[in-house]
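Observations on chain architecture
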Amino acid sequence: MNEGHIVTRFDQELEHLNSLILEMGQLAINQLTEALDSLANEDTEQAYNVIARDSKLNDLDSQSNDEIIRLIAKRQPVARDLRELIAIGKIVSDLERAGDEARKIAGLTIRFFEPGNKPPSNEILTDIHQLAEYVCKMLQLSMTSFSEQNMKTAGKVVRRGLKLDNQLQSIIRRLTTFIMEDPRNIGHFIDIVLGIRALERFGGHAKNIASHIVFIQTGEDLRHVADDEFLKSIGKH
Amino acid sequence: MNQTAIEFSKSIERNISDDPLNDPNYKTVGEVTVPNAAMTTKNVDVHYGDKQAIFNVSLDVGRNEVLSMIGPSGCGKSTFIRCLNRMNDTIDSCRIEGDIRLDGEDIYSRNMDVVLLRARVGMVFQKPNPFPKSIYDNVAYGVSLHGLSNNKSELDDIVEDALKRAGLWDEVSDRLNQPGTGLSGGQQQRLCIARAIAISPEIILMDEPCSALDPIATAKIEELIDELSQRYSICIVTHSMQQAARVSQRTAYFHLGKLIEVGATDIIFTNPSHRLTEGYITGRFG
Amino acid sequence: MNQVALIQRGLARRYRLEKRFKTYGLTAIVCSVAFLVFLLGTTFLNGYTALLQTYIAVDITILDSDFDGDPSEDLLSKGDYSGIIKRSLREAFPEATKRKEKSELYRLISSGAQYDLREKVVDNPELVGQTATFWLLADDEVDVYMKGRIDPTIPEKKRRLKDRSIAWIEQLRNQGRIKRNFNILFFTNGDSREPEQAGILGAVVGSVFTILVTMLLAFPIGVAAAIYLQEFARKNRFTDLIEVNINNLAAVPSIIFGLLGLAIFLNFFHMPRSIPLVGGMVLALMTLPTIIISSRAALGAVPPSIREAALGVGASPVQTVLHHVLPLAMPGMLTGTIIGLAQALGETAPLLVIGMVAFIVDIPSSPMDPGTALPVQIYLWADSPERAFVERTSAAIMTLLLFLIAINGLIVLLRKKFERRW
Ligand SMILES: Nc1ncnc2c1ncn2[C@@H]1O[C@H](COP(=O)(O)OP(=O)(O)OP(=O)(O)O)[C@@H](O)[C@H]1O
Ligand SMILES: [Mg+2]
């Protein structure tokens, strides 16, 4: 199948849809990095910007949805085309939700550094930064995998997801020691755990996207299987 | 997108010949046999004179199953389906090899009576072809030909039943004596279906039955096929992917005289195995 | 825009061409219609007078002595009616005394008149011993003169009707003793040497028998052959050869078929000469290729989908042909048959060869009786020297045309009956 569709218009429409997705992916990644920046720089204004920009993602989400519905109605896709459209629909929601998670991180900045609030110690925040970088890389990989339709890259995302769990465990353990050191940190602790939880979700969406890409390629739905089985499955193809 | 490489590796890994057209030992992807088949074909080759139109096709038709055949124009769908009730006998240059059995009986053997075979394996053609006779006579012809009714009232019942099942009764009940050729294209096609089912065949072959019909008439015929499949086995050749997807349980993809892939329609239309099948149904040039 | 201009430039030329072509076609049609009108017109003008026949009233006294004094049943038919008529004529024109004058006088009345008179007397024996006025059939020269086709101004030597006869005719006319009646004899008599007694019925009956034989032989055989060749025969060298031969036969001159008939039916099978049965058989041979070719074309024009439909519901090949293909092809086959039969009906040459040109007075009562056919009759009469045969020739032509129209009409009717849309 080296050639595209006989109806080249269909290819163009798919191409356009793909570019929307890549744009969304880029936006979601930017949102997260900017939210982290705002957290690092204690810049609430930037945080507000991030929150405001989330609507852009929502717009892209509905735009992509419309496009997908139109394409299904117009082209009546089957086989790979059908899988691609359905998967893209899901990728879109995952990206939109990932954006929501980024917004939550921006929310943290506002909670911590709004004038009158007591900021947490930097030490507590390092975990967030580390984890954020990690999941951000996951989404980046997912988007590369999407743009190249490359299952190997998708596999990398899943492998990262495997390590994500371990990381979370150790972060929680570390935070527990902080609380024991200074029980006044308990307020921040809950916020931080929520932030971490958001980042974990962000990574989960990245992993979902990877599984959607595998679905496009193979038709196998791997979202709900254990990660090692996922990897085995990819290896088969 | 590095699609080609992926597809290629996919083919290699699933052990699918990538170039079935030049591979004389090409083996169809998917399950060609079904348990308790109504009709079985094995290693069928068809030649028109020197030209080979069908290459080593094996395909079973299951009981109460709708089997759709798809493929590019000239790939031999009609040729194959016409082998199943020996319609190809009418073509002098046509030569058929292989093994085709109806209920285990070789239909090309000397003992097989062609008339009986065609009564058991009915056919509906691409172009509606009612006889230039009345609507009633169109349906009654095969019935009285085979002596399936004992008297006039029985014949009337059979005709009415066939027309009802073909979804045509309400439209023609008050003009049974008018010529069948005076009906609209869709009505004519349903008349031809009524004619075919009036003699209660075991298998109905349909060669692009909806190619000349509007969506409503098509829908009516698809509904009819659905209903008929409760009682009969149906083979349908169609150029409409959607139609194949809608009506059939199994789908066979032909390409240049070879049966490339056969499988459950659900699978074929969501995740076909062969790149040619995929290319064809998604509208890419394979 | 440029393209529009380009097309427009050519348009005028294209329309001119079209117009010219239409004109050619119209001219051709006008020409053929003109020829047809001329042909039919002259035929009719020459022929319509043959529908009338001149009769002369003669006072005839039939004496007992004409029958040797004993006018019994038996003897009535043996009387010398010719003598009676001659005597009556002498009495009517006593001025004719010389031998030559007398024979000229006798020639006013047809030689067939005596048989007519005899019939009347036999039917009414009481006429014997009485004097009655009888309308007697006039001679053909008198008839021709009465129809104004003899110019009395040309020198007497150059015409057969002499001045003296013309005077007598005029005298009779003035006395109201001459009249013209509808010429029934023409339609009830067979051929005769005497134009006034010559009729067309023998030829018509001969033609009917001939064409009946032709139709009964050629149509079923032709249709059967066509069906076999078109529907059942495998295509191979042999059938190709047959096909080529049939096409060639259609172009063979008809006289060859006559010679074939002569060789086979007469010389080999020793069938009688001059009979419509043999004529019909020969014409059937001649018509067969036409019927076969057109029937095959008609069968070939039946859409294959109908055949497939019939085979598809389990009809056998023969049933398919008989139930579906043949009814649809019938109109076309009948058209071919019309053409073939019309051709056969007008055919002379093969009939000449098998002897249907013989002079036969009796009307055939079966295809086994010697007879002739309309076109042969036309040929015979056209060849006769008597002036009166000219109009009869034309009348015979009209009869033949009517005959053709009747046959065409019949087959068109049949065709209408079979014609169905599909
Ligand atoms: N009567 C015939 N004589 C010779 N070749 C034939 C004949 N009928 C079909 N063929 C050839 O056999 C091949 C298969 O034809 P077939 O009609 O089966 O195709 P098909 O798949 O039904 O196509 P379509 O979708 O256009 O109906 C074609 O290449 C065609 O040219
Ligand atoms: Mg076909």
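All figures in this text were calculated on a predicted structure; none of them were measured in a lab. One numbering rule holds for all chains: residues counted from 1, following each sequence as written. The lettering of chains begins at A and the numbering of ligands begins at 1, in the order of writing. Totals for whole chains, interfaces and linings use all residues, but because this is a predicted model, local features are given only for residues with pLDDT of at least 70 and pairs of side-chain atoms are given and counted only at 80 or more. Note: side-chain values were computed over all heavy atoms of the structure, leaving out hydrogens and water.

1. A short note on the overall build of chain B
Summing up its helical and strand segments, chain B has 11 helices and 10 strands in all. Taken over C-alpha atoms, the radius of gyration is set against a globule rule of 2.2 Å times the number of residues to the power 0.38. Expected size for 286 residues packed as a compact globule is a radius of gyration near 19 Å; at 20 Å, chain B falls within 12% of this value. A principal-axis box enclosing the C-alpha atoms of chain B has dimensions of 65 × 45 × 35 Å. Think of it in three bands: with a 1.4 Å probe and only protein chains considered, a residue is buried below 20% of the maximum accessible area for its type, exposed above 50%, and partly exposed in between. Counting over 286 residues, chain B shows a buried share of 57%. Pairs at least 24 apart in sequence give 68% of the contacts found in chain B among residues at least 6 apart. Numbering of helices and strands runs from the N terminus; a helix is a DSSP stretch of H or I covering at least four residues, while a strand is a stretch of E covering at least two. The contact criterion used is simple: two residues touch if any of their non-hydrogen atoms lie within 4.5 Å.

2. As for the confidence of the model for chain B
Residue and element names in this part refer to chain B. Note on scores: pLDDT gives the predictor's confidence for each residue, bounded by 0 and 100. Mean pLDDT for chain B: 88, with 93% of residues reaching 70 or above. Mean pLDDT across the elements of chain B ranges from a minimum in helix 1 (residues 3-13), with 45, to a maximum in strand 3 (residues 66-70), with 96. Within the model, the stretch residues 1-14 combines pLDDT values under 50 with 24 contacts to residues more than four positions away or in other chains.

3. Focus: the interface of chain B and chain C
Contact with chain B, which involves 22 residues of that partner, is made by 20 residues of chain C. For the pair chain B and chain C, the summed buried area comes to about 1,800 Å², and 60% of that belongs to carbon and sulfur atoms. By buried area we mean how much accessible surface two parts lose on assembly, using a 1.4 Å probe and totalling the loss over both. In terms of surface lost to chain C, no three residues of chain B exceed Asp92, Pro132 and Tyr141 of chain B, which account for 29% of the buried area on that side. We note a salt bridge from Arg82 of chain B to Glu308 of chain C, for which the minimum N-O separation is 2.6 Å. For this analysis, a salt bridge means a side-chain nitrogen from Lys or Arg found within 4 Å of a carboxyl oxygen belonging to Asp or Glu.

4. A word on the site of ligand 1
Residues and elements named next belong to chain B. Being near a molecule or strand, for a residue, comes down to having at least one heavy atom within 4 Å of it. Residues in contact with ligand 1 amount to 13 residues; listed here are only the nearest, Ser73, Lys77, Ser78, Thr79 and His239. Measuring from an oxygen atom of ligand 1, one finds a side-chain N or O atom of Thr79 at 2.4 Å. In the complex, the protein chains occlude 65% of the 630 Å² of accessible area that ligand 1 would expose alone. When contributions to the shell around ligand 1 are tallied by element, the ones reaching two or more residues are strand 2 (51-62) and helix 2 (77-83). Among the elements that make up the shell around ligand 1, the one with the highest residue count is helix 2 (three residues). We call two N or O atoms a polar contact when they sit within 3.5 Å, provided that within protein one can donate a hydrogen and the other can accept it, with sequence-adjacent residues counted only if both atoms are side-chain atoms. All accessible-area figures derive from a Shrake-Rupley calculation using a 1.4 Å probe, and residue coverage is judged against the displayed protein chains alone.

5. Considering the sheet that holds strand 2 (residues 131-137) of chain C
Residue and element names in this part refer to chain C. A pair of strands is labelled paired if DSSP reports no fewer than 2 bridges between them. Taken in spatial order, the three strands of this open sheet run 2-1-3, and their pairing is antiparallel. What marks the edges here is a single partner per strand, and that holds for strand 2 and strand 3 (178-182). Across the sheet, the mean angle separating the axes of adjacent strands is 40 degrees when strand polarity is ignored. In the sheet, strand 1 (residues 52-61) pairs with strand 2 via seven bridges, with the strands oriented antiparallel. The residue bridging Tyr55 from the neighbouring strand is Leu137, located in strand 2. Structural elements are reduced to axes, namely lines fitted to C-alpha atoms, with helices fitted over the stretch in contact, and the angle between N-to-C directions of any two is expressed from 0 to 180 degrees.

6. With respect to the packing of helix 9 (residues 201-232) of chain C against helix 12 (residues 276-301) of chain C
Between two packed helices, the angle of one axis relative to the other and the distance separating the axes together describe the packing. Relative orientation of the contacting elements helix 9 of chain C and helix 12 of chain C amounts to 35 degrees, with a least axis distance of 6 Å. Classified by chirality, the crossing of helix 12 of chain C by helix 9 of chain C is right-handed. Whether a crossing is left-handed or right-handed is set by the direction in which the near helix is turned from the far one by less than a right angle, anticlockwise for left-handed and clockwise for right-handed.

7. Some points on the pairing of strand 7 (residues 203-207) of chain B
The buried count for strand 7 of chain B comes to five of five residues, which makes it a mostly enclosed element. For crossovers, right-handed means that the path from the first strand over the helix to the second runs clockwise, given strands pointing away from the viewer. Handedness of the crossover is the feature at issue here: the chain leaves strand 7 of chain B, passes through helix 8 (residues 215-228) of chain B, returns alongside strand 8 (residues 233-237) of chain B, and the resulting connection is right-handed.

8. Looking at the packing of helix 4 (residues 99-106) of chain C against helix 7 (residues 163-174) of chain C
All names here are of chain C. Orientation of helix 4 relative to helix 7, taken along the N-to-C sense of each, is 50 degrees, at an axis distance of 10 Å. The angle between the axes of helix 4 and helix 7 places the two elements in the oblique class. Relative to helix 7, the crossing made by helix 4 is right-handed. Here Glu101, Glu104 and Leu105 of helix 4 lie close against helix 7, whose contacting residues are Arg164, Ser165 and Trp168. Note that Gly is not counted as nonpolar here; it falls among the polar residues with everything else outside the nonpolar set of Ala, Val, Leu, Ile, Met, Phe, Trp, Tyr, Cys and Pro and the charged set of Asp, Glu, Lys and Arg. Counted by class, the contact of helix 4 with helix 7 contains two nonpolar, one polar and three charged residues. Oblique is the label for every angle not falling under 35 degrees (roughly parallel), over 145 degrees (roughly antiparallel), or within 65 to 115 degrees (roughly perpendicular).

9. Points about the sheet that holds strand 1 (residues 37-48) of chain B
Residues and elements named next belong to chain B. Pairing is antiparallel across the open sheet formed by four strands, whose spatial order is 2-1-4-5. Among the strands making up the open sheet, the edge pair consists of strand 2 and strand 5 (105-106). Pairing between strand 1 and strand 4 (residues 94-102): eight bridges, direction antiparallel. The partner of Met39 across the bridge, within strand 4, is Leu102.

10. Some thoughts on the environment of Leu51 of chain C
All names here are of chain C. Along the chain, Leu51 falls in the loop between helix 1 (2-47) and strand 1. We classify Leu51 as partly exposed; its relative accessible area is 29%. On a C-alpha basis, the gap between Leu51 and Ser111 in space is 20 Å, while along the polypeptide they are 60 residues apart. Setting aside chain neighbours within four positions, we find Leu51 in contact with Asn181, Phe182, Asn183 and Phe187.

11. A few points about the pattern of salt bridges
Residues and elements named next belong to chain A. In this structure the tally under the stated criterion is 41 salt bridges over all chains. Residues Arg111 and Asp191 are paired through a salt bridge, measuring 2.9 Å at the closest nitrogen-oxygen approach. Of this pair, Arg111 sits in helix 3 (residues 79-113) while Asp191 is found in helix 6 (residues 186-218), placing the two residues 80 residues apart along the sequence. What makes Asp191 buried here is its relative accessible area of 10%.

12. Quick notes on the confidence of the model for chain C
Put simply, chain C has an average pLDDT of 88, and 97% of its residues get 70 or more. On the interface metric, ipTM, the complex scores 0.86, and its pTM is 0.77.

13. So, helix 1 (residues 8-41) of chain A
Its 34 residues give helix 1 of chain A an end-to-end C-alpha distance of 48 Å, which sits within 8% of 50 Å, the value for a rise of 1.5 Å per residue. Directly beyond the C-terminal end of helix 1 of chain A, a positive phi value near 55 degrees is found at Glu42 of chain A. The span you would expect from a helix comes to 1.5 Å times its residue count less one.

14. A short note on the arrangement of the chains
When the two pairs of chains in contact are compared, the highest contact count belongs to chains A and B. At their nearest point, the C-alpha atoms of chain A and chain C are still 29 Å apart, with no contact between the two.

15. A few points about the environment of Asn408 of chain C
With respect to the helices and strands, Asn408 of chain C occurs in helix 17 (residues 388-418). Taking the C-alpha atoms as reference, Asn408 of chain C lies 24 Å from Thr188 of chain C; in sequence the two are 220 residues apart.

16. Topic: the nonpolar core
In this text, buried Ala, Val, Leu, Ile, Met, Phe, Trp, Tyr and Cys residues form a nonpolar core when linked through side-chain atoms within 4.5 Å. One finds Leu32, Leu95 and Leu139 of chain A to be the most contacted residues of the largest nonpolar core, which totals 70 residues. Once you skip the residues sitting within four places of it in the chain, Leu32 of chain A turns out to touch Ala102, Ile105, Ala132, Val135, Cys136, Leu199 and Phe202 of chain A. Phe186, Val278, Leu328 and Leu341 of chain C belong to the second largest nonpolar core, which has 57 residues in total.

17. Remarks on the side chain of Thr251 of chain B
Residues and elements named next belong to chain B. Tracing the backbone shows Thr251 in strand 9 (residues 250-255). A polar side-chain atom of Thr251 sits 3.3 Å from a polar atom in the side chain of Ser248. Among the polar contacts listed, one links the side chain of Thr251 to the side chain of Thr265, at a separation of 2.9 Å. Aside from chain neighbours lying at most four places away, what touches Thr251 is Leu67, Ser68, Ile70, Glu261, Val262, Gly263, Thr265, Ile268 and Phe269.

18. Some details on the pairing of strand 4 of chain B
All names here are of chain B. Pairing of strand 4 with strand 5 involves two bridges; the strand directions are antiparallel. Within the sheet, the bridge partner assigned to Arg101 lies in strand 5 and is Asp106. The loop that links strand 4 with its antiparallel partner strand 5 comprises two residues; one of these, Asp103, has a positive phi angle of about 50 degrees.

19. A short note on the state of the cysteines
Residue and element names in this part refer to chain B. Cysteine sulfur atoms are paired as a disulfide whenever they fall within 2.5 Å. As enumerated under the stated definition, the model contains zero disulfides over all chains in all. With no disulfide of its own, Cys75 lies closest to Cys83 among cysteine sulfurs, the gap being 13 Å. A relative accessible area of 1% places Cys75 in the buried class. As a non-bridged cysteine, Cys83 has Cys94 as the owner of its nearest cysteine sulfur, 5.9 Å distant.

20. Quick look at a nonpolar patch on the surface
Residues and elements named next belong to chain C. Only residues above 30% relative accessible area that lack a salt bridge enter a patch, with like-charged residues linked at up to 9 Å and the nonpolar side chains Val, Leu, Ile, Met, Phe, Trp and Tyr linked at up to 5 Å. Together, Leu36, Leu39, Leu40 and Leu401 give the surface a local cluster of nonpolar side chains, amounting to about 340 Å² of exposed area. Its location among the elements puts Leu36 in helix 1. What makes Leu36 partly exposed here is its relative accessible area of 48%.

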